[in-house]
Amino acid sequence: DTAVSQTPKYLVTQMGNDKSIKCEQNLGHDTMYWYKQDSKKFLKIMFSYNNKELIINETVPNRFSPKSPDKAHLNLHINSLELGDSAVYFCASSPDRAGGTQYFGPGTRLTVL
Amino acid sequence: KNEVEQSPQNLTAQEGEFITINCSYSVGISALHWLQQHPGGGIVSLFMLSSGKKKHGRLIATINIQEKHSSLHITASHPRDSAVYICASFGNQFYFGTGTSLTVIP
């Protein structure tokens, strides 16, 4: 059974389009995250939700909007895609917000043409 | 300057060699994590350390809180250990090292 799943795995789209990436965890965790990994493989936190409440919102363009319908799901919607949005996006979860072990999804490679 | 620095950036070793990857940090943290990113892209959490030493199979992680330094050791390295190793801290603030790309040659 997959612990943290993301869909789609690959996403190729044109500049200006709007796209969503979905994430689900079946671990019963309270906290979920979105990370961006750039072309140099550097990871950066984007958002974190704890029990459907936004707790971390790093300096990210407001074209990026996370949505957590329940504590098992955290989706990422991106409006007006730009070339610089091309990256791998990872979803993760942890039991709580205290900085414990994180469980990562397989990643979504977004390519904006 | 990154709050979390790793060295070396790249490392090539012969199968069987003992490997050490270092992580130094300049911020106060409650715990340090070591992550492994496979060539296929998946990220796995290896260790979470707040003090001392932890061992899992051929992997050993140590941390010195006073010196703000952690090391990841791999004994009897194997080509399947080839991956990028990242040290990180999670909590109120999130810090990531730049990663160490390890290649183990048969």
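Just above, that's the structure.
Cut-off values and rules
Residues numbered from 1 in each chain as written. Chains lettered and ligands numbered in written order. Predicted model: local features only at pLDDT ≥ 70, side-chain atom pairs only at ≥ 80, totals over all residues. Heavy atoms only, no water. Salt bridge = Lys/Arg side-chain N within 4 Å of Asp/Glu carboxyl O. Helix = DSSP H or I, 4+ residues; strand = E, 2+ residues; numbered from the N terminus. Buried < 20%, exposed > 50% of the residue type's maximum accessible area, 1.4 Å probe, protein only. Contact = heavy atoms within 4.5 Å. Buried area = accessible area lost by both parts, 1.4 Å probe. Polar contact = N/O pair within 3.5 Å; in protein donor to acceptor, adjacent residues only side chain to side chain. Nonpolar A, V, L, I, M, F, W, Y, C, P; charged D, E, K, R; others polar. Core = buried A, V, L, I, M, F, W, Y, C linked by side-chain atoms within 4.5 Å.

(A) Structural view of the pattern of salt bridges. All names here are of chain B. Taken as a whole and judged by the stated rule, the model has four salt bridges over all chains. With a shortest N-O distance of 2.8 Å, Asp81 and Arg58 are connected by a salt bridge. In this pair, Asp81 sits in the loop between β8 (69-74) and β9 (83-89) while Arg58 sits in the loop between β6 (52-56) and β7 (59-64), placing the two residues 23 residues apart along the sequence. The exposure class of Arg58 is partly exposed, given its relative accessible area of 24%.

(B) Main features of the interface of chain A and chain B. Taken residue by residue, the interface counts 13 residues in chain A and 15 residues in chain B. Taken together, the two surfaces of chain A and chain B that pack against each other cover about 1,400 Å², and 66% of this comes from carbon and sulfur. Of all residues in chain A, Phe42, Leu43 and Phe104 of chain A bury the most surface against chain B, accounting for 33% of the area lost on that side. On inspection of chain A and its partner chain B, the count reaches zero salt bridges. Taken together, chain A and chain B are joined by one residue pair in polar contact (both at pLDDT 80 or more). The class makeup of the residues in the side of chain A that touches chain B is eight nonpolar, five polar and no charged.

(C) View of the nonpolar core. Counting 23 residues, the largest nonpolar core has Ile19, Leu32, Trp34, Leu72 and Tyr85 of chain B as the members making the most contacts within it. Elements supplying a minimum of two residues to this core: β3 (19-25), β4 (32-37), β5 (43-49), β7, β8, β9 and β11 (100-105) of chain B. Setting aside residues no more than four positions away along its own chain, Ile19 of chain B makes contact with Leu11, Ala13, Leu72, His73, Ile74, Ser77, Leu102 and Val104 of chain B. Judged by nonpolar contacts, the second largest core, of 19 residues, contains Ile21, Phe64, Leu74 and Leu81 of chain A.

(D) How the structure looks around the environment of Pro8 of chain B. By secondary structure assignment, the location of Pro8 of chain B is in the loop between β1 (4-7) and β2 (10-14). Aside from chain neighbours lying at most four places away, what touches Pro8 of chain B is Thr20, Gly99 and Thr100 of chain B.

(E) Broad picture of the side chain of Thr100 of chain B. Residues and elements named next belong to chain B. When you line up the elements, Thr100 lands in strand β11. Within the structure, Thr100 has its side chain in polar contact with the side chain of Gln6 (distance 3.2 Å). Residues contacting Thr100, with those up to four places away along its chain left out, are Gln6, Ser7, Pro8, Gln9, Leu11, Ile21, Ala83, Val84 and Tyr85.

Read these as spatial facts, not as claims about activity.
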